[in-house]
Each structure stands twice: as C-alpha cells, then as structure tokens.
Number of protein chains: 6
Amino acid sequence: MSGLTHFDAQGNAHMVDVSDKPVTDRIATAEGQVKMAPETFALITEGRAKKGDVIGVARLAGIMGAKKTPELIPLCHPLPITKVTVDLTPDPDLPGLRITATVKTSGQTGVEMEALTAVSTAALTVYDMVKAVDKAMEIGGIRVLLKDGGKSGRFEAT
Amino acid sequence: MSGLTHFDAQGNAHMVDVSDKPVTDRIATAEGQVKMAPETFALITEGRAKKGDVIGVARLAGIMGAKKTPELIPLCHPLPITKVTVDLTPDPDLPGLRITATVKTSGQTGVEMEALTAVSTAALTVYDMVKAVDKAMEIGGIRVLLKDGGKSGRFEAT
Amino acid sequence: MSGLTHFDAQGNAHMVDVSDKPVTDRIATAEGQVKMAPETFALITEGRAKKGDVIGVARLAGIMGAKKTPELIPLCHPLPITKVTVDLTPDPDLPGLRITATVKTSGQTGVEMEALTAVSTAALTVYDMVKAVDKAMEIGGIRVLLKDGGKSGRFEAT
Amino acid sequence: MSGLTHFDAQGNAHMVDVSDKPVTDRIATAEGQVKMAPETFALITEGRAKKGDVIGVARLAGIMGAKKTPELIPLCHPLPITKVTVDLTPDPDLPGLRITATVKTSGQTGVEMEALTAVSTAALTVYDMVKAVDKAMEIGGIRVLLKDGGKSGRFEAT
Amino acid sequence: MSGLTHFDAQGNAHMVDVSDKPVTDRIATAEGQVKMAPETFALITEGRAKKGDVIGVARLAGIMGAKKTPELIPLCHPLPITKVTVDLTPDPDLPGLRITATVKTSGQTGVEMEALTAVSTAALTVYDMVKAVDKAMEIGGIRVLLKDGGKSGRFEAT
Amino acid sequence: MSGLTHFDAQGNAHMVDVSDKPVTDRIATAEGQVKMAPETFALITEGRAKKGDVIGVARLAGIMGAKKTPELIPLCHPLPITKVTVDLTPDPDLPGLRITATVKTSGQTGVEMEALTAVSTAALTVYDMVKAVDKAMEIGGIRVLLKDGGKSGRFEAT
C-alpha cells in the first residue's frame, strides 16, 4: 500500500503535480441511493408527470455539480470534462431512488471525484425537494463503480 | 402527508416563497460516514501527525461546502449562515470516519441542506485524499439528526 | 432626470451605499422571449414529453441564474432572495417561447436585476439546448414589467 | 432537421459526449442591443468621460460573463477560452448601445454560448448602471452572427 | 491577549458562532500599494485616457473581489454587504498606485476581510494588466486602517 | 518597453488572444509575507499543534485560491493548472510568516497570476484567523520570484 499522495514528505497538503502524466481518455462511473418511506416513494414516482419532476431536477443538479468538483474538493485538479450523464431510477424494493453518474475527460488525471460529486449533488437535491414530506430520508451507498484510462489501470467495484 | 412544496400547482419547479415567514433562529445537525479498509483506516489515523492531516483538510472542505449549498442545490434559498462546525471521528468498528456537521442561521428557512452538504463535501474530500490507496471506500448514512427553529417544529432522527 | 448613481462625483464606479435604506419587502417581474423557426417551435413543444423537456431545464437554469446575479453584475448588491419563479410559455404566433420571472426579497435594494438575469439565463439555456437544429434563434424583448417595494415607488411597464 | 442533442433517447437531459470530437480552433461572434430613451442615451454618451464610464464597466462584465458560461448554462461544457472581446457602440438611431462579442478557443465544442453570454451580461450591466434614470430600457436582438471551426461548419447570420 | 477564536478547545477549525451577536452597522477601511518602475508608472498614468484605463479595471475587480470574500477565506461568514468603494491613486514618490477600500454592512460580524480582499484583488489586477512591461512590481502595505461597529470597538491603525 | 497588452488600439480592455501561442509547460513561483506582533507570532507557532493549525488552514486556502484566479482577475485566461504548492514558514526575525507558492500548467499563457493569488489568499487567511488578537498585521512583499516556459523567456527576481 503506497502513501497518501495529497501530502508531501513533511505531511503538508498540496495539489499533486500531474504535469508529467500523459493526456489520456478517462472515464469514471459512480453510484449511490436515497432511501425514503414507501409513501414518499409513491408520491415521487406517481407524481412525476403531474406533481413535479423530482428526478429531472435532481439529474440537472447532478450534472452541474460535476462541473463544480474542483471548487468543492480542495486538492482536486480542474478538468475540461467532455461528458456527464446522471440517471435516477426508482427502486420499489429500496424504496427510493438509485443514482448513477458517468463522467469522461481527456486529461492528466481521473474523473472519479466528478462522478462521485454528481451522484452526491443529485442525492442532496432529491432530499431538498422531498424534505417537506419526509425528513428521515437517508443518502448512502456512494462509491466508485468503474474508473479507467489512467496509469493506475482499470478499477471495477466488486 | 402534504405535497411537494418545490413545485407549483402545474408541477413546475420554483423557489418557494418564504417572504412571509418570520426570521427565527434555526439550527440543523446532519451526520454521515466513510467506510474504508482496515489498512486505510490505520494509515489515516496513525499518520495524522506525520503523514498528513486528512481530517483537518476534510473539515475545512465541509465548512466551505456549507457556504456553497445554494449554488449546488437548485431550489435552495441563499442564507447568511452564522455558524458551521464539522467533526470527523475515527471509528475502528466501522472502520472509517464518522462525520457530523452543525449549522446555524437567523433566517426564514432552515439549514438542514447546509448541514447535509457540509457532511457530504467532507466525505467526498476524504475519498479524494485517500483514493490512491483505497478506491473501494463507501460514503453512506447521510441523514439529518436534528432540525429546529422553524414553523414545522423540531425534528429529531429516531 | 437624476444622475448615474453607480458613479461617484469623480465618475468612478462604486457599489452604492444602501446601508441607510430601510429593509422593505420588494418584488420585481421581468419578461423576454426566444424567437425561432416554426419547425423548431414544433420540435420543442410537441416533443416536450417524449424528446426532452427544454422548458423544464431552462426554468431551472433561470432560477439558479437569479442567485448568480451579484456575481455577474459588477455593482449589484448581494441579496437574500426569498422567492424565484420562472415561466416559459410557448407562443405559436411568435413563434417561440415567452419567458417571465418574478423575484422577491426583504432587503435594502430592489430585485429587478435578479428578475432580468433569470429571464436572460433561461433564454440563453433555450438557445443552448436547441442550437443544434436552429442557430438563427433570437433573444429579445427583455425588460422589467413591474418593480415595487422601494423608495422610488412602483414601476410598471406601459 | 436533426433531433435535440441535449437529451438522450429517453428524453433525459445530459451533457453531450464530445470526447471523440477533434480539438479544433473555434470562433463565435454574437450581437445584441440595449434600447433606451433619448435622454438616457445622451446622459451615457456625453457623460462618458466625466460622469462615469458605463461602457467600460459593461465591457468588463461581458468579458467576465463569458468565463461564467458553463456555470450558468446547465449542459454547457467547460472550455479553456483563449480570447474574449466585447464592444459597445453608441447608436443614436436606436437610440442605445449595440453590443458585439467575439470568443475563441481550441477545443472540442463551440463557443457561441460564451459569446451570447458575454453580450447578455454586458447588456444586463448597462441596465443596472442606468436603471436609476430609465427603468423602461429593453434588451434585444441577441443572436449569433458567426460560428466557425467545428464539424457542423461555418454559420453566418443572414 | 485572548485566544484564536477560529479554533475550538481541541484546536479544530470552525466557523465561529455569531448567532447571538446583535446586528449592527459595521464599516472597515483597508489600504495597500503596488510599487513599480518609474517607466511603468509613467505608462499607466499618462496612458490612462488613451492607452487603457488600468485603474478603472482594477477598481471594478476590487469591488467584485469584496463580494467573493466568503468563498476565498475559509472561515469567513457570508455577509450582505451594503457598500463598497475602491480608490487607486497614483503616487509618483512610490512610484506606483496607492489603494484604499471601504466596505459597509449591517450584520453580526465585521467587514475588514472584505476590505482587505478588495485591496488585494485590485492590486493583483494591476499586476496582471501591467506585467507584460514590468514583472518586478511588488504588492505590499496591505493592512486595516479602520474597523468600527462591533463589540470589540473601534480600531484605527497608528 | 512595449505597450499594455490588455488593451486594444483604442484603449479598450480585452482578454488577449492567445490562440496562436503554443501549448508549453509553464511554471511560476511567487512569495509574500504577513508581519505581526511578537506575541502573535509566538501564539501561532507555539500553538500549532494544540491551539489550532493556522498554517494548515492558510495553505489550503492558498491552493483553492489559485483555482479561483480567472474568476478574480478580470482579464485572466482560465487554465487547467496541474500543480499547486503553498508553503508558510515562520520567521522570528520578521516576525511573521513567509509564504511561497508554485503553480504549473501546460497551456498557452503563464501562471504567475495563479501563484500571486495563492500567496495573497493564504496571507488574507492568516489575517482572518489571527485578527481577534492582532488587527495591526501587515501583508506585503508579494512578488513573482520565477516565471518560465513561455515565449517571453525566463524571469527571475533579483
């Protein structure tokens, strides 16, 4: 197990030097979920057309959140991301919404933080829109599913 | 169960009118966690002094994240927050870090989204700083513990 | 006709001192439009359910744009806005979309810039989403319809 | 007429994948105008040296607005823009100010949104600086004059 | 000498709780300077009308910088500032530009960081605009001249 | 001595066209300092472990400040920076903290503004964290030490 790359030999935080890394195509996918009461789940999914599109708003917030990653995460490099998709799928067994986000770039560092931030922002937005009826919702299961394109090779969650 | 306040009668998203609500003191506390491999947990907690202060960086990111809430969450009102604290506590049983955030304001709407965003940003920052050694970490258990000071009364998680 | 308040006696730009103005409830409404080819109009309005909700995305962008006003307009005061609504209505006679935005605050200065910025951002977002099929769209008619609540009294467009 | 690229086959909004498009030199020019009362026009143009440089402030706001495009327009890609110019020309026949903006980049997608956002922000800034004397000003005629450098070829407004 | 208020009893950074402090009118003034070669000074001051208004651009950047203070300074509270002025005065004895900024608010905490950030941003902008002819310029003398309106009383630099 | 590149032939501000410049590896280092009373210096340096890590917070603020450069400096190009380090060293002879920042990129324009902004933001953050005990601190000596990698060649401060 190697060390913590975000600190130098003296333990001081820094933004890692990636200037010698080649520009390669990179992709990352992350997932997460928002668990809610069955009544809340029914309200969101049945009401999607008539009462307001919670999923549509959360999807857009997730896409815009991905672009804010280097502002939110202190040591993250700014990256010209070339694709973001965010999907929210109702799952009655949860009950709640399952969220996945995929981000691509051509750059010198990976985009897993962008994918995680997209998922996280979409989940927070679901909470915001539904909190008037259910304050006990829980956001969880946020993790990287896939990361590929860099020197450290392909990572797939097991 | 009432309706979704963030949509009007036609189902269109809007920023809810809070101009008739009184300005009151409001507080909210949220929590969450980052689960990691035991070796990763050891690296972070033992190395805190020498190898780099992951917890200190994540705490600061969480505080700054709370201030970014109205930029991230589309229908959130901007609020002059008057206090933010973020705590990250190592828990060997997880193993990982438990995160709590408390936010206060005097305003016309609550600060639970600010507390949730602080927790979420701190958790993402932990992932970013440690991902070179552990890509399989999982962020979860993000929920509101306490909300008080508004018309809807006190909420405490059970 | 009085002078330009955003400049001092020497002609230097400044952010006007509003600290002696009372905090009052303020409201402003602005409007604008996006004109497009008839085929484009048909594509947007017919396809709203199936092909993608241009209006829903633009509405959200307008609401979030209102919050960005003090970052965009150099001498604008930051304000805790308490309500934003943005409506986009298809008008086959234009043909195109008519946009209105209403913003409220309790503050020391008006919110007409926030309403104008909401309209303008929604219009730009419509252009962005539809430009692949129609680059000749034109944004226009952006003006203040109503402003009320401040010392200068009520303004209504004629 | 092709479809709406900003939505997938299910009609969900996404940030279009441009990772396979080549990096090419791109340019876009947009225009717009602010119409005002003759007295307002006289105040701005005569007073430019003595009473305050409305045009200079609006030009700078337009340039900075171009850089904010990916934050304002939800599905816009972030781009390293390499040039921005904004010109505001007094036109006594309008009467008012004519605005043009030109933006360049080397990238995988065009910069017409950046040029439109620059024009729009400059126009809003003119309104803000002059609104104390003329609330009835109207912003209009915002459109793309020229776009070149991408796969879809050169576009010139007729 | 009291302790460091931005850390709690365990030495952890936090945003200080100001929710019990009264809302009072607050003002702060800060100053600073940019020293440059005599030829550079001549170029800026002589060319102000013809060659470009360095001072006008820097003033606007300083005003906008004041609004960005809570984004830049991690533990700073967001505040609805009610006035910002930034002045840049050529001083042939320096030679260079002397900068002062004054900021006002009605709030629960002071605005000296906003005044310092305005001065600092204006100074950096001067450097940026002139660096093509003089890379050896030095920014210095940045300090608070006056702070008033809070519990800790009036401070004036000696 | 050449002219002011940030203005065109008419003296209007613009963002310089760098689209024809080659993409090269660029580096810049800047420095600065915060002078304080001897008692303040003792408080910060002795208390580093127990009372709160002023230097750690300021370092992080400096790194994040570097990423905000194109938002703060009106005519600065956005750049994908590839490295940022910020060091703060206690100097008992000052007494105070000496700050240096180094920034790298592969791009079409230099990063000295990013390095200066990092130093400046770190210095302002030190002031913010310590101002409760010492309002008379002074920030100064902010200048470029090294710039290399562009057409204009290597610059080293004397």
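Bear in mind the structure is a predicted one, so any value in this text is a computation, not a measurement. (Residues numbered from 1 in each chain as written. Chains lettered and ligands numbered in written order. Predicted model: local features only at pLDDT ≥ 70, side-chain atom pairs only at ≥ 80, totals over all residues. Heavy atoms only, no water.)

**Quick notes on the pattern of salt bridges**
Logical step 1: Applying the stated criterion across every chain yields a total of 60 salt bridges over all chains.
Logical step 2: Taking the shortest distance from any N to any O, the salt bridge between Asp91 of chain B and Arg98 of chain B comes out at 2.6 Å.
Logical step 3: Since its relative accessible area comes to 14%, Asp91 of chain B is described here as buried.
Logical step 4: In this structure Arg98 of chain B comes out as partly exposed when scored by relative accessible area, which is 38%.
Logical step 5: In this structure, the salt-bridge partner of Lys131 of chain B is Asp128 of chain B, at a minimum N-O distance of 2.7 Å.
Logical step 6: One connected set of salt bridges, linked through shared partners, spans Lys68 and Glu71 of chain A, Lys68 and Glu71 of chain B, Lys68 and Glu71 of chain C, Lys68 and Glu71 of chain D, Lys68 and Glu71 of chain E together with Lys68 and Glu71 of chain F. (Salt bridge = Lys/Arg side-chain N within 4 Å of Asp/Glu carboxyl O. Buried < 20%, exposed > 50% of the residue type's maximum accessible area, 1.4 Å probe, protein only.)

**Structural notes on the interface of chain A and chain B**
Logical step 1: Opposite the 56 residues of chain A that make contact, chain B presents 56 residues.
Logical step 2: At the boundary of chain A with chain B, total buried surface from both sides reaches about 4700 Å², with 72% on carbon and sulfur atoms.
Logical step 3: Between chain A and chain B we count 2 salt bridges in total.
Logical step 4: When the shortest N-O distance is used, the salt bridge between Glu71 of chain B and Lys68 of chain A registers 2.9 Å.
Logical step 5: For the pair chain A and chain B, the number of links is 9 residue pairs in polar contact (both at pLDDT 80 or more).
Logical step 6: Elements represented by at least two residues in the side of chain A that touches chain B include exactly helix 1 (38-46), helix 2 (54-67), helix 3 (69-72), helix 4 (112-130) and strand 4 (138-148) of chain A.
Logical step 7: Considering each element in turn, the side of chain A that touches chain B owes the most residues, 12 residues, to helix 4 of chain A.
Logical step 8: When grouped by side-chain class, the residues that make up the side of chain A that touches chain B number 27 nonpolar, 16 polar and 13 charged. (Contact = heavy atoms within 4.5 Å. Buried area = accessible area lost by both parts, 1.4 Å probe. Polar contact = N/O pair within 3.5 Å; in protein donor to acceptor, adjacent residues only side chain to side chain. Helix = DSSP H or I, 4+ residues; strand = E, 2+ residues; numbered from the N terminus. Nonpolar A, V, L, I, M, F, W, Y, C, P; charged D, E, K, R; others polar.)

**Some details on the interface of chain B and chain C**
Logical step 1: If you look at the interface, chain B gives 17 residues, while chain C gives 17 residues.
Logical step 2: The junction of chain B with chain C conceals about 1400 Å² of combined surface from both sides, 55% of it contributed by carbon and sulfur atoms.
Logical step 3: One can count 10 residue pairs in polar contact (both at pLDDT 80 or more) joining chain B with chain C.
Logical step 4: Each residue belonging to the side of chain B that touches chain C can be placed in one class, and the counts come to 10 nonpolar, 5 polar and 2 charged.

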